[in-house]
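Residue-level listing of the chains:
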Amino acid sequence: MRNMLDQIEIWLNNDQSVALATVIKTWGSSPRPVGAGMAVSVQGQILGSVSGGCVEGAVFDTALEVLKSGNPTRLHFGVVDSEAWEVGLACGGEIDVFVRDFDLHNLNSWKTAFQTGKPFHSALLVNGSKKLVGEELLLLDDGSIITPGFSSEQKEIINKSIREGADQGKQSPPGFIENDLGEIFYQLIQIKPTLIVVGGVHIAVHLVSLAEILGFDVIVIDPRRLFGNGERFPSVKQVINEWPGEAFQKLQVNQSTAIVMLTHDPKIDDPALGIALTSPAFYIGALGSKKTHQKRIERLSANGIDEDRLKIIHAPVGLDLGGKLPEEIALEIFAEIVKVRNSAKT
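None of the values given here were measured: they were computed from a predicted structure. (Residues numbered from 1 in each chain as written. Predicted model: local features only at pLDDT ≥ 70, side-chain atom pairs only at ≥ 80, totals over all residues. Heavy atoms only, no water.)

K.L.:
How do you make sense of the packing of helix α8 (residues 266-276) against helix α9 (residues 290-302) when you look at a structure like this?
P.N.:
Geometry of a packed helix pair, given as the angle between the helix axes and the separation of the axes. Viewed as axis vectors pointing N to C, α8 and α9 meet at an angle of 60°, and their least axial separation amounts to 11 Å. Relative to α9, the element α8 is oriented oblique. In the crossing of α8 with α9, the sense of the turn from one axis to the other is right-handed. When α8 is examined against α9, the residues Pro266, Asp270 and Leu273 are found in contact with a partner set consisting of Arg296, Arg299 and Leu300. Counted by class, the contact of α8 with α9 contains 3 nonpolar, no polar and 3 charged residues. (Axes fitted to C-alpha atoms, helices over the stretch in contact; angles between N-to-C directions. Helix = DSSP H or I, 4+ residues; strand = E, 2+ residues; numbered from the N terminus. Parallel < 35°, antiparallel > 145°, perpendicular 65-115°, else oblique. Left-handed = near helix turned anticlockwise from the far one by under 90°. Contact = heavy atoms within 4.5 Å. Nonpolar A, V, L, I, M, F, W, Y, C, P; charged D, E, K, R; others polar.)

What follows is the structure, encoded as structure tokens:
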């Protein structure tokens, strides 16, 4: 969703109304996951995807109808439906897609939620009172609520449903909530992932390219200007030419952050690992052989780092694909990052 907001804002600021289609349910071999979205402007421009091309045409037509009528619509496509075959959903799966108007109020709510830098919940009423269907509530990490459409009492009903389900372990988003308001689709929205690379070595150049393709913000830390500079990494979010202890003070590390040490220099990697191991980063990796890593563990342990925390370091870093070249090693590292990140979602 986040990667669509800038373009949606351009459309809305140019007085183009926008419809947003969201995959709210899947069965079997669905082409896109729950939560996938596609935006359609009133002038017929498309952004994103709900099916990888299978049902986009039908969803596009419905989106334009929603913009004309103002009435949200829930669509179902499946292999048992002749319409699904006509639009190309022959992968054996079924999907439900909810299409609604997405205005400046919705846009500003999402932008505000993302600016917190923390995950948040989205709760969308997909069945219930005609006046409220299509309204959305965003529940932030600190418990505050953003919504232009629900009353205080209705906000409390939704908030209570989400909290109770989470506390009782009954609901693992995305999913549905049934309460007095009707049927609510809700999902946990993760913020844009960040890759922090400590050491601007040759492997880092390729690793950064892969991370950017996969939608990660990238930060490179290296006190050596020869390795960490804008010419070497022209497109990264930030290059910091400071020692890790100083550099990490300027950064916000959260559950969507991966950190990789690549310098092979204990003076740089060890302090960075010491900081990373106290953070909520979902992935921490360090370049080096088993022998190198064992020596690293001994040094970190001697500095008082708990043995259980040391076990979370991925080292030797990356999946073992037999790579020897820098670009192959970068692929191995990022493949492991993706694997760990996706495992955490299930």
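K.L.:
What is the right way to read the pairing of strand β15 (residues 283-286) from this model?
P.N.:
Where a strand is regular, its side chains alternate between the two sheet faces. A two-sided burial pattern is seen for β15, the buried positions comprising Tyr283 and Gly285 on one face and Ile284 and Ala286 on the other. Across 4 bridges, strand β14 (residues 257-261) lies against β15 in parallel orientation. Counted as the bridge partner of Ala258 is Tyr283 from β15. Assessed by its sense of winding, the connection that carries the chain from β14 through α8 to β15 is right-handed. (Buried < 20%, exposed > 50% of the residue type's maximum accessible area, 1.4 Å probe, protein only. Pairing = 2+ DSSP bridges. Right-handed = clockwise from strand over helix to strand, strands pointing away.)

K.L.:
Which parts of the structure should I look at to understand the pattern of salt bridges?
P.N.:
Opposite charge on two side chains makes pairing possible when the charged atoms of those side chains draw close. For the coordinates displayed, the defined rule picks out 12 salt bridges. With its nearest N and O atoms 3.2 Å apart, the salt bridge here joins Lys192 to Asp217. Of this pair, Lys192 sits in the loop between β10 (182-189) and β11 (194-198) while Asp217 sits in strand β12 (residues 217-221), and the two are 25 residues apart along the sequence. The closest approach of N and O atoms between Asp217 and Lys237, which form a salt bridge, is 3.8 Å. Of this pair, Asp217 sits in strand β12 while Lys237 is found in the loop between β12 and β13 (238-240), placing the two residues 20 residues apart along the sequence. On the basis of relative accessible area, Asp217 is assigned to the buried category, the value being 17%. Beyond isolated ion pairs, a larger network of salt bridges with shared partners links Arg74, Asp96 and Glu183. (Salt bridge = Lys/Arg side-chain N within 4 Å of Asp/Glu carboxyl O.)

K.L.:
What exactly am I supposed to notice about the packing of aromatic side chains here?
P.N.:
Applying the stated criterion to the full structure yields 5 aromatic pairs. Geometrically, the ring pair formed by Trp110 and Phe120 is edge-to-face, given 5.6 Å between the ring centres and 75° between the ring planes. With a gap of 10 residues between them, Trp110 in helix α4 (residues 104-115) and Phe120 in strand β6 (residues 120-128) connect regions that are remote in the sequence. Using a relative accessible area of 3% as the deciding quantity, one classes Trp110 as buried. With a centroid separation of 5.2 Å and 80° between ring planes, the pair formed by Phe114 and Phe120 is classed as edge-to-face. Across the pair, exposure class does not vary: Phe114 and Phe120 are buried alike. Ring pairs connect the aromatic residues Trp110, Phe114 and Phe120, which therefore count as one cluster. (Phe/Tyr/Trp six-rings, centres within 6.5 Å; stacked < 30°, edge-to-face > 60°.)

K.L.:
How should I be thinking about the environment of Pro31 in this particular structure?
P.N.:
The topology assignment puts Pro31 in the loop between β1 (18-27) and β2 (37-41). A sequence separation of 23 residues divides Pro31 from Cys54, and the C-alpha atoms of the two residues are 7.9 Å apart.

K.L.:
When you look at helix α6 (residues 202-213) in this model, what are you seeing that I'm missing?
P.N.:
One full turn of an α-helix is made of 3.6 residues, so residues set three or four places apart face in the same direction. With 12 residues, α6 ought to run about 16 Å at 1.5 Å a step, and its terminal C-alpha atoms sit 18 Å apart, in line with that. Of all the residues in α6, the buried ones are Ile203, Ala204, Leu207, Val208 and Ala211. Here the buried residues of α6 occupy an arc of 130° about the axis, which is enough to place them on one side. The first or second residue beyond α6 is Gly215, which carries a positive phi of 85°. (Expected span 1.5 Å × (residues − 1). Arc of directions from axis to C-beta.)

K.L.:
Got a minute to help me understand unusual backbone geometry in this structure?
P.N.:
It is generally the case that most residues other than glycine have a negative phi and that most peptide bonds are trans. With an omega dihedral of -5°, the bond running from Ala315 to Pro316 counts as a cis peptide bond. Looking at the secondary structure, you find Pro316 in the loop between α10 (307-310) and α11 (326-345). The phi dihedral of Asp15 is positive, around 60°, even though this residue is not glycine. Classification of Asp15 by relative accessible area gives exposed; the value is 73%. In the Ramachandran plot, His264 falls in the positive-phi region, its phi being about 70° despite a non-glycine side chain.

K.L.:
Would you take a moment to explain α8 for this structure?
P.N.:
Of all the residues in α8, the buried ones are Ile268, Asp269, Asp270, Ala272, Leu273 and Ala276. Contact partners of the buried residues in α8: β11, α7 (244-247), β14, β15 and α9. At the N-terminal boundary of α8, the capping side chain belongs to Asp265, with an oxygen 2.9 Å from the backbone nitrogen of Lys267. (Polar contact = N/O pair within 3.5 Å; in protein donor to acceptor, adjacent residues only side chain to side chain.)

K.L.:
Just checking my understanding: could you explain the nonpolar core for this structure?
P.N.:
Soluble globular proteins: nonpolar side chains tend toward being buried together. Residues Leu195, Leu207, Val260, Leu262, Ile333 and Ile337 are the most contacted members of the largest nonpolar core, which totals 26 residues. Of all the secondary structure elements, the ones that give two or more residues to this core are β11, α6, β12, β14 and α11. Considering each element in turn, this core owes the most residues, 6 residues, to α11. Sequence-distant contacts of Ile333, that is, excluding residues within four places in its chain, are made with Ile203, Leu207, Val260, Leu262, Tyr283, Val317 and Gly318. Ranked by size, the runner-up nonpolar core spans 24 residues in total, among them Ile219, Ile221, Ala276 and Ile284. (Core = buried A, V, L, I, M, F, W, Y, C linked by side-chain atoms within 4.5 Å.)

K.L.:
When you look at the sheet that holds β12 in this model, what are you seeing that I'm missing?
P.N.:
In a beta sheet, neighbouring strands are held together by backbone hydrogen bonds and run either parallel or antiparallel to one another. Judged by pairing direction, the sheet is parallel, and its 5 strands sit side by side in the order β13-β12-β11-β14-β15 without closing on themselves. Of all the strands in the sheet, just β13 and β15 have a single pairing partner and so form its edges. The average undirected angle you get between the axes of adjacent strands in this sheet is 15°. The sheet contact formed by β11 and β12 spans 5 bridges and is parallel. Counterpart to Val198 in the pairing with β12 is Ile221. Of the strands in this sheet, β11, β12 and β14 are in contact with α6, which crosses β11 at around 175°.

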